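Below are the chains, spelled out letter by letter.
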Amino acid sequence: MDIFIQQVINGLVLGSIYALVALGYTMVYGIMGLINFAHGEVVMIGAMVALTVISMLSDSGLPGIVIALIGLGAALPVCMGTGFAIERIAYRPLRRAPKLAPLITAIGVSIVLQNLAMLIWGRNYHAFPPILPTSEHEIFGATITGLQIAIIVIAALMMAGLILLVQRTKLGRAMRATAENPPIAQLMGVDINRVISLTFVIGSALAAVAGLMVSANYSIAHYYMGFILGLKAFTAAVLGGIGNIAGAMLGGILLGLIESLGAGYIGDLTGGFLGSHYQDVFAFFVLICVLVFRPSGLVGEKVAERA
Amino acid sequence: MLEVTGLRVAYGGIQAVRGINFHVAEGEMVALIGANGAGKTSTLKALARLLDAAGGSVRFRGKEITNLVPHELVTQGIALVPEGRGVFPRMTIVENLQMGAYCRSDQAEIEADIERMFSYFPRLKERARQLAGTMSGGEQQMLAIGRALMSRPKMLLLDEPSMGLAPIMVQKIFEVIRIVASEGMTTLLVEQNAKLALETSQRGYVMESGEITLSGEASALLADPKVRAAYLGE
C-alpha cells in the first residue's frame, strides 16, 4: 500500500510538471491551431539558465530558496524572450501558409535551440547543486520531500492563476475570442498579433518554472532534456484534449500518475521481464491509445466548423 | 459620413466588386440590395477591413480608412454585424457583449450599456450567463447586433441580418434596427430581402454583378418596375 501511495506522490509531482508544460502547447494550439514543437526546448533553456545562475550562487551563503528564486528570476525573462522570438521569427511569417509549413519550422527551431544550448552549455549533464532543504515528511507510510510539496503547490497555484487570467480578465477574453474566431476578434478591436505574442510569452513563463522544477526534482539538466519532456507534455495535452486548458492540466496529472504507477508495477506484472526503465513507453502507449480511440481527448470536444 | 469611390474587390483574378461609388450621410439609413453573389458582402467586408480592397478609396468622416489595420476600425467608430452573425459560441452572452466594448475602459458605462442591450433584447437578459453557441440563430443575431452597439459606434454596418431567420425573429430584429436608427445611428444595411430593406431605409443602392445599377430614394426604388420585377418577385 505504501508503495502505491509513494508512486501516486511521485506521479503527482511529475504530472504537475507535465501539466505546466502541456499548457504551453495547448494555449498556442487553441489560439492558432499550431503545435509549437519547440516548446520543450524553452523548458530546457529555463532549466539551463536557472541551473547556471544557481550554480554560480551556490557558495554565496544565501539561503537556498533565495538562490532558487534568483535562478527562476533569470530563467523567466530568457524563456519569455525566447518564446516571443520563436513566434516572431518562425511562425508569424507563415501565418497564412499551409499547416505543414509552421510544423516544419517548429522542428527546425527545436533543433536550432538544442544546438545553441549544446554550444553554450556543452554536451555534459549538469548537476543541480544541493541548495534546497531536503526535509522529508511522512504521509500514509510514504515519504514526500519539501521540494515535492513545493512543486505540487506552486504548479497548482500557477494553474489557478492561469484559469483566472483566461476566464476573468479582459486579456483572457481577448485570448478566447481570438481562439474562437480571429477575424471577428479583430472587428472587436483586438490586436490579435499582440494576443498571440502574449500567449507565447505566458506559455514560456510556465515553461521556465517547469524547467526549474524538472532540474531540481531530478537534480540534473542537459541540452537534450527538452525533447522527451516536450513530447510527453504534448501527449498530456492531447490526452486532455488539445486546445483545452483544463484538459491540459488533467492530462498532465493523469499522464504523470500513469507513468509513475506503470513504472512502479510493471516489474511485478511481467514477472521481472520488463523493468521501470520502460517508464517512457507508457506515455507513448497512452498517446497512441488516445489518438486511436478518442482523438478529441478526455475533455476536448469535436471542434465545430466556424460559421 | 461614409464616402466610397471606385471601390474594387477581387478574389484572385475574379472581380467581385467592380469600382462602385456610394455614400452614406450622417444619421441616414441606406440599404444595399442585390441578388446572391452581387458583391454586397464583399463590399461590406472591404469596408470593415476583413478583405483588402483591390482599388478605390473609402473615407469615413473625412479620413481615409482604406488601408487601416483591421483592429483599428472599431476605434474609428465603425461596427460591423457580420454575415452569419459571428458570435463567439463558447463565450457567454455577457462576455460577448463585453467583447463588443473591448476598446472602451469606462467600466460603469459598459455595465449600463449591457443593460441597455438587454432592454432592446429582453431575450438576451434571460440567457445572460448562457454560452452564445447554445442559442437559436435569431437570438445570436440579436447578440451580434448588441455586441456591435457595445462599441458605441458612429456607424453600424449590418450584413444580412434577416438571413436564415424565422419571420417573427426578423420582425423583432428589424424593430430594434429601426429604434437604433431613429436614435440617429448612421446605418448601412446589406440585405437580400429587398422589400424589407427598402421599407426600413431612406435611400438604397441596387447591386448587380459587382456594379451599382440603380440608386435613389427607398420609396422610389420600391416603386421602380425593374426593382419590383427583379427583387420583389412581381
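Each residue is numbered by its place in its chain's sequence as written, counting from 1. As a convention, the first chain written is A and the first ligand written is 1, with the rest following in written order. pLDDT decides what is reported in this predicted model: residues at 70 or higher carry local features, side-chain atom pairs at 80 or more are listed and counted, and totals for whole chains, interfaces and linings draw on all residues regardless. Water and hydrogen atoms play no part in the side-chain values, which are based on all heavy atoms of the structure.

1. Section: the pattern of salt bridges
Which entries qualify depends on this criterion: Salt bridges are defined by distance alone: a side-chain nitrogen of Lys or Arg within 4 Å of a carboxyl oxygen of Asp or Glu. Between buried and exposed lies partly exposed: a residue is buried under 20% and exposed over 50% of the maximum accessible area for its type, with that area taken using a 1.4 Å probe on protein chains only. What counts as a helix is a DSSP run of H or I of at least four residues, what counts as a strand is a run of E of at least two, and both are numbered from the N terminus.
Enumeration over the complete set of coordinates arrives at 18 salt bridges over all chains. In this structure, R95 of chain A and E87 of chain A form a salt bridge, with 2.9 Å as the shortest nitrogen-oxygen distance. By relative accessible area, which is 0% here, E87 of chain A ends up buried. Put simply, R123 of chain B and E139 of chain B hold a salt bridge, and the shortest N to O gap is 2.7 Å. In this pair, R123 of chain B sits in helix α5 (residues 122-126) while E139 of chain B sits in helix α6 (residues 137-149), placing the two residues 16 residues apart along the sequence.

2. Observations regarding the sheet that holds strand β10 (residues 211-217) of chain B
To summarise the sheet geometry, strands pair through backbone hydrogen bonds and adopt either a parallel or an antiparallel arrangement. All names here are of chain B. Note the following rule: Should DSSP find at least two bridges between two strands, the strands are taken to pair. In this analysis an axis means a line fitted to C-alpha atoms, helices contributing only their contacting stretch, and an angle means the value between N-to-C directions, from 0 to 180 degrees.
Taken together, the 6 strands give an open sheet; going across it, the order is β6-β7-β8-β3-β9-β10, and neighbouring strands pair in mixed fashion. Both edges of this open sheet fall to β6 (78-81) and β10, since each of them pairs with a single strand only. In this sheet, adjacent strand axes meet at a mean angle of 15° when their direction is disregarded. Pairing geometry for β6 and strand β7 (residues 155-159), over 4 bridges, is parallel.

3. Brief notes about the environment of F273 of chain A
With respect to the helices, strands and loops of the structure, F273 of chain A is situated in the loop between α10 (245-269) and α11 (279-293). Linking F273 of chain A and G251 of chain A, residues 22 residues apart in sequence, is a C-alpha distance of 29 Å.

4. Describing the domain arrangement of chain B
All names here are of chain B. Defined as follows: The start and end points of each domain follow an automatic or database-based domain assignment. Here the quantity called buried area is the accessible surface, traced with a 1.4 Å probe, that two parts lose on coming together, added over both. Nitrogen and oxygen atoms within 3.5 Å of one another constitute a polar contact, given that in protein one can donate a hydrogen and the other can accept it, and given that sequence-neighbouring residues count only through two side-chain atoms. Polar here means any residue outside two lists: the nonpolar Ala, Val, Leu, Ile, Met, Phe, Trp, Tyr, Cys and Pro, and the charged Asp, Glu, Lys and Arg; Gly therefore counts as polar.
If you check the domain split of chain B, you get domain 1 (2-77 + 153-231) and domain 2 (87-151). If you average the C-alpha positions of domain 1 and of domain 2, the two centres end up 23 Å apart. Carbon and sulfur atoms supply 78% of the area buried between domain 1 and domain 2, which totals about 1200 Å² over both sides. On the domain 1 side of the contact with domain 2, P153, M169 and V176 bury the most area, a combined 34% of that side's loss. The interface formed by domain 1 and domain 2 includes 0 salt bridges. Inspection of the domain 1/domain 2 interface yields 1 residue pair in polar contact (both at pLDDT 80 or more). Broken down by secondary-structure element, the contributors of at least two residues to the side of domain 1 that touches domain 2 are α2 (73-76), β7 and α7 (167-182). The greatest single-element share of the side of domain 1 that touches domain 2, amounting to 7 residues, is contributed by α7. In the side of domain 1 that touches domain 2, the residues fall into 13 nonpolar, 1 polar and 3 charged.

5. Overview of the interface of chain A and chain B
Definition in use: Only heavy atoms matter for contacts: two residues are in contact if any of them lie within 4.5 Å across the pair.
Contact residues are listed per partner, giving 20 residues for chain A and 22 residues for chain B. The junction of chain A with chain B conceals about 2000 Å² of combined surface from both sides, 61% of it contributed by carbon and sulfur atoms. Inspection of the region where chain A meets chain B yields 1 salt bridge. Here chain A and chain B share 5 residue pairs in polar contact (both at pLDDT 80 or more) between them. Put simply, the parts of the chain that give the side of chain A that touches chain B at least two residues each are α6 (170-180) and α7 (182-187) of chain A. Looking at the side of chain A that touches chain B residue by residue, the class counts come to 9 nonpolar, 4 polar and 7 charged.

6. A look at the packing of aromatic side chains
In plain terms, the rule: Stacked, tilted and edge-to-face are the three classes applied to pairs of Phe, Tyr and Trp rings, where Trp contributes its six-membered ring and a pair requires centres within 6.5 Å; stacked means planes under 30 degrees apart, edge-to-face means over 60, and tilted covers the rest. By definition, being over a ring means that NZ of Lys or CZ of Arg is both within 6 Å of the ring centre and within 35 degrees of the ring normal.
Here the structure, examined in full by the defined rule, presents 7 aromatic pairs over all chains. Among the aromatic residues, ring-to-ring pairing joins Y25, F37 and F234 of chain A into one connected group. Sitting over the ring of Y102 of chain B, K170 of chain A keeps its end group 5.1 Å from the ring centre. Positioned above the aromatic ring of F88 of chain B, the side-chain terminus of R147 of chain B is 5.1 Å from the ring centre.

7. Side note on the sheet that holds strand β4 (residues 55-60) of chain B
Residue and element names in this part refer to chain B. The strand order across the open sheet formed by 4 strands is β2-β1-β4-β5, and the pairing between neighbours is antiparallel. Every interior strand has two partners, whereas the edge strands, β2 (14-24) and β5 (63-64), have only one. Here 8 bridges tie strand β1 (residues 2-11) to β2, and the two strands are oriented antiparallel to one another. Opposite V4, over in β2, you have F22 as the bridge partner. Along the sheet face, helix α1 (residues 40-47) touches β1, β2 and β4 and points at about 115° away from the line of β1.

8. Things to note about empty space enclosed by the protein
Put simply, the rule is: In this analysis a 1.4 Å probe is tested at points of a 1 Å grid over the protein atoms alone, and where it fits but cannot get out there is a cavity; an open set with protein on both sides within 12 Å along at least five of seven lines is a pocket; lining residues have an atom within 4 Å of a point. Grid points are joined across faces, edges and corners, and a volume is the space filled by probe spheres set on the points.
A full pass over the atoms with the stated rule returns 2 cavities of 30 Å³ or more. Taken as a whole, the largest cavity encloses approximately 60 Å³ of empty space. Only β6 and α6 of chain B provide two or more residues apiece to the lining of the largest cavity. Broken down by element, the lining of the largest cavity gets its largest block of residues, 3 residues, from β6 of chain B. Of the residues in the lining of the largest cavity, the class split is 7 nonpolar, 2 polar and 1 charged. Taken together, G24, V28, N36, H39, T199, F200, G203 and S204 of chain A make up the lining of the second largest cavity. Among the elements of the structure, α1 (2-32) and α8 (192-218) of chain A are those that each provide at least two residues to the lining of the second largest cavity. Class assignment of the residues belonging to the lining of the second largest cavity gives a composition of 2 nonpolar, 6 polar and no charged.

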